[in-house]
Amino acid sequence: MIVTKPPMGWNSWNTFGENISEELLMETADAMVSTGLKDAGYEYVVIDDCWALRERDASGKMVADPAKFPHGMKYLADYIHSKGLKFGMYSCAGVETCAGYPGSFNHEFVDAQMFADFGVDFLKYDFCNKPAHAHGPMLYNKMGMALRATGRDILYSACNWGSDDVWTWIRSTGAHMYRSTGDIGDNFGLIKDIALSQIPKQGFNGPNCFNDPDMLVVGMYNQGNVGWGGCDDQEYMLHFSLWCMMSAPLMIGCDIRNMTEFTKNTLTHKGLLAINQDPAVRQCIPVSGRKGDTLILFKHLEDGDYAIGIYNFTDKIQQLDFFLYDLGLGVETGYGLEMENLVSGDKILVDGQFKMPVGSHRCGTYRAKLVKL
Ligand code: GLA
């Protein structure tokens with residue numbers, strides 16, 4: 001299975017934690033279609049931790065909690081598939097998941113077959129409660145092989161939070177995406193810390209094995225399982241813009257059955273999604289170093305355009321600027337950039353130096369074209 005663009009979907013963890021059910025998942029699949037998220041490209045509906053009973057059955061199989069999933073997982077998978085969507089589930093490389101449910105350690109091949117029999121299209125594979133003697137890279141390789149042994153196309157989403165320099169070996173385990181950071185929360189400081197920690201890792205992001213800086217908190221507004229303070233709309237916009245510039249997987253974490261218009265418009269923004277889903281999957285790089293807690297990112301797009309993101313993480317308005325010289329467009333080249341702000345639609349011609357006041361916790365995302373001056 002080849003995954004050419006950053007995967008897009010929804011995951012239950014950020015908002016619902018252990019409060020998951022068949023009803024929630026079915027309503028979420030319905031909402032994925034009725035809100036236009038599916039048309040925008042979101043396709044995976046993923047159940048995270050807490051779906052199973054605490055113990056395996058007498059034959060050693062995991063059992064879906066009948067109180068949460070009365071008709072079982074195959075029924076849910078069929079429903080999600082009937083909506084033209086894909087179904088994801090969760091397990092863990094250790095003996096127990098992070099929330100204390102059965103993990104797949106030493107059950108990898110049996111569990112992978114069970115997921116395939118359910119009709120699973122995506123498996124998130126966590127890293128809690130691993131026996132000390134078991135080597136992380138071996139465990140991820142083992143599940144990678146177990147998933148392939150089923151013969152079903154299952155997107156393999158590794159989640160070891162960046163342990164063991166995961167970016168240096170994870171591609172070889174068959175994983176299609178991999179978490180490289182600790183858990184995100186609905187909090188601007190965490191978004192900032194995760195994003196800045198990922199900039200040096202961008203060279204390890206590419207088709208078929210995407211660097212995953214964790215799920216989106218856009219639209220959570222301090223509700224739910226990881227609602228740790230909450231953000232305002234423009235902070236969510238900054239978060240989404242960064243994940244788009246980083247070609248990160250876009251796994252929505254809010255309750256999509258009850259989104260605000262702003263949340264829906266952010267998550268389905270055509271111009272931003274085009275940057276995230278750009279087929280070239282070029283890494284973004286910071287321009288002219290970082291000045292304090294501000295960031296300017298630049299990347300090449302497949303059609304010859306460029307994407308530029310400017311970010312102010314500080315508590316004050318800042319004048320953000322860069323010289324075109326730093327991109328290789330010195331005056332001797334005779335070229336400048338025409339930059340279109342993807343949210344406002346405003347266009348500016350940049351000749352020599354870009355300068356823009358950006359409010360506290362605000363961003364600008366641009367699509368730029370090279371122009372002869
Ligand atoms: C870990 C993962 C989270 C989530 C929880 C579930 O913390 O990093 O994304 O899956 O486990 O318990």
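Caption draft 1: Up close: the overall build of the protein chain. The secondary structure content of the protein chain amounts to 10 helices and 16 strands. Its C-alpha atoms give the protein chain a radius of gyration of 21 Å, near enough to 21 Å, the size a compact globule of 373 residues would have. Projected onto its principal axes, the C-alpha coordinates of the protein chain cover approximately 75 × 40 × 35 Å. Within the protein chain, the fraction of its 373 residues that count as buried is 57%. Partitioning the contacts of the protein chain with sequence separation of at least 6, the portion at a separation of at least 24 is 72%. For the protein chain, the exposed surface amounts to about 14700 Å²; the carbon and sulfur share of it is 51%. Between the mean site of the 32 positive side-chain charges and the mean site of the 45 negative ones, the protein chain shows a separation of 4 Å.

Caption draft 2: How the structure looks around the state of the cysteines. Inspection of every chain in the model, using the stated rule, returns one disulfide. Between the sulfur atoms of cysteine 98 and its disulfide partner cysteine 128 the distance amounts to 2.1 Å. In this structure the cystine formed by cysteine 98 and cysteine 128 twists about its S-S bond by roughly 95 degrees; its chirality is therefore right-handed. Remark: cysteine 128 occurs in the loop between β4 (122–126) and α6 (136–149) and cysteine 98 occurs in the loop between β3 (86–92) and α5 (108–118); sequence separation between them is 30 residues. Look at cysteine 98 and you get partly exposed, because its relative accessible area is 38%. Cysteine 244 takes part in no disulfide bond, and the closest cysteine sulfur, belonging to cysteine 363, lies 10 Å away. Judged by its relative accessible area of 1%, cysteine 244 is buried.

Caption draft 3: Structural context of the packing of aromatic side chains. Evaluated as defined, the whole model comprises 15 aromatic pairs. Their ring planes at 65 degrees and their centres at 5.8 Å tell us that phenylalanine 127 and tryptophan 161 sit as a pair that is edge-to-face. Here tryptophan 161 lies in the loop between β5 (155–159) and β6 (177–179) and phenylalanine 127 lies in the loop between β4 and α6, a separation of 34 residues in the sequence. Geometrically, the ring pair formed by tyrosine 311 and phenylalanine 313 is stacked, given 6.5 Å between the ring centres and 20 degrees between the ring planes. Take tyrosine 311 and phenylalanine 313: they sit in the same class, and that class is buried. Site record: aromatic cluster; members linked through ring pairs are Tyr125, Phe127, Tyr140, Tyr156, Trp161 and Trp169. Above the ring of tyrosine 101, the side-chain terminus of arginine 54 is found at 3.9 Å from the ring centroid. One residue, lysine 201, lies across the ring of tryptophan 167, its end atom 4.1 Å from the ring centre.

Caption draft 4: Spotlight on the sheet that holds strand β2 (residues 44–46). The strand order across the open sheet formed by eight strands is β7-β6-β5-β4-β3-β2-β1-β8, and the pairing between neighbours is parallel. Taken across any chain shown, the strands that pair with only one partner, and hence form the sheet edges, are β7 (210–212) and β8 (250–252). Ignoring which end each strand starts from, the neighbouring axes of this sheet average 25 degrees apart. Against the sheet, α6 makes contact with β4 and β5, and its axis sits at roughly 165 degrees relative to β5, the strand it touches most.

Caption draft 5: Spatial organisation of the packing of helix α2 (residues 22–34) against helix α4 (residues 72–82). Direction vectors running N to C along α2 and α4 enclose 10 degrees, while the axes themselves pass 10 Å from each other. Between α2 and α4, the interaxial angle falls into the category roughly parallel. When α2 is examined against α4, the residues Glu22, Leu25, Met26, Ala29 and Asp30 are found in contact with a partner set consisting of Gly72, Tyr75, Leu76, Tyr79 and Ile80. Counted by class, the contact of α2 with α4 contains seven nonpolar, one polar and two charged residues.

Caption draft 6: Looking closely at the site of the ligand. Close to the ligand lie 13 residues, the nearest being Asp48, Asp49, Lys124, Asp126 and Asp183. Contact between the ligand and aspartate 48: an oxygen atom at 2.6 Å from a side-chain N or O atom of the residue. Lysine 124 is positioned with one of its side-chain polar atoms (N or O) 2.8 Å from an oxygen atom of the ligand. Taking 300 Å² as the accessible area of the ligand by itself, protein coverage stands at 93%. The cavity where the ligand resides is the second largest pocket.

Caption draft 7: Structural view of the layout of surface pockets. Counted as a void, the largest pocket has a volume near 260 Å³. Along its surface, the largest pocket is lined by 14 residues, and Met1, Arg148, Ile154, Gly174 and His176 are the ones closest to its centre. Here the residues of the lining of the largest pocket are counted per class, giving five nonpolar, five polar and four charged. Considering only enclosed or pocket space, the second largest pocket measures out at about 160 Å³ in volume. Those elements that place two or more of their residues in the lining of the second largest pocket are α1 (13–16) and β4.

Caption draft 8: A look at the nonpolar core. If you look at the biggest cluster of nonpolar residues, it comprises 95 residues, and the most contacted ones within it are Tyr42, Trp51, Met73, Phe240, Trp243 and Leu267. Here the element with the most residues in this core is helix α8 (residues 233–245); it accounts for eight residues. Residue contacts for tyrosine 42: discarding those within four places in its chain leaves Met8, Gly9, Met32, Leu37, Leu85, Phe240, Leu250, Ile252, Leu267 and Leu273. The next biggest cluster of nonpolar side chains, apart from the first, holds 17 residues, and it includes Ile296, Tyr306, Phe354 and Tyr366.

Here is what the cut-offs are and how they apply
- Residues numbered from 1 in each chain as written.
- Predicted model: local features only at pLDDT ≥ 70, side-chain atom pairs only at ≥ 80, totals over all residues.
- Heavy atoms only, no water.
- Helix = DSSP H or I, 4+ residues; strand = E, 2+ residues; numbered from the N terminus.
- Rg over C-alpha atoms; globule rule 2.2 N^0.38 Å.
- Buried < 20%, exposed > 50% of the residue type's maximum accessible area, 1.4 Å probe, protein only.
- Contact = heavy atoms within 4.5 Å.
- Areas by Shrake-Rupley, 256 points an atom, 1.4 Å probe, with all protein chains shown as cover.
- Lys, Arg positive; Asp, Glu negative; His and termini not counted.
- Charge placed at Lys NZ, Arg CZ, Asp CG, Glu CD.
- Disulfide = S-S within 2.5 Å.
- Phe/Tyr/Trp six-rings, centres within 6.5 Å; stacked < 30°, edge-to-face > 60°.
- Lys NZ or Arg CZ within 6 Å of the ring centre and 35° of its normal.
- Pairing = 2+ DSSP bridges.
- Axes fitted to C-alpha atoms, helices over the stretch in contact; angles between N-to-C directions.
- Parallel < 35°, antiparallel > 145°, perpendicular 65-115°, else oblique.
- Nonpolar A, V, L, I, M, F, W, Y, C, P; charged D, E, K, R; others polar.
- Near = heavy atom within 4 Å.
- Polar contact = N/O pair within 3.5 Å; in protein donor to acceptor, adjacent residues only side chain to side chain.
- 1 Å grid on protein atoms, 1.4 Å probe; cavity = no way out; pocket = protein on both sides within 12 Å on 5 of 7 lines; lining within 4 Å.
- Sits in = over half its atoms within 2 Å of the grid points.
- Points joined across faces, edges and corners; volume = space filled by probe spheres on them.
- Core = buried A, V, L, I, M, F, W, Y, C linked by side-chain atoms within 4.5 Å.

Geometry only, nothing functional implied.
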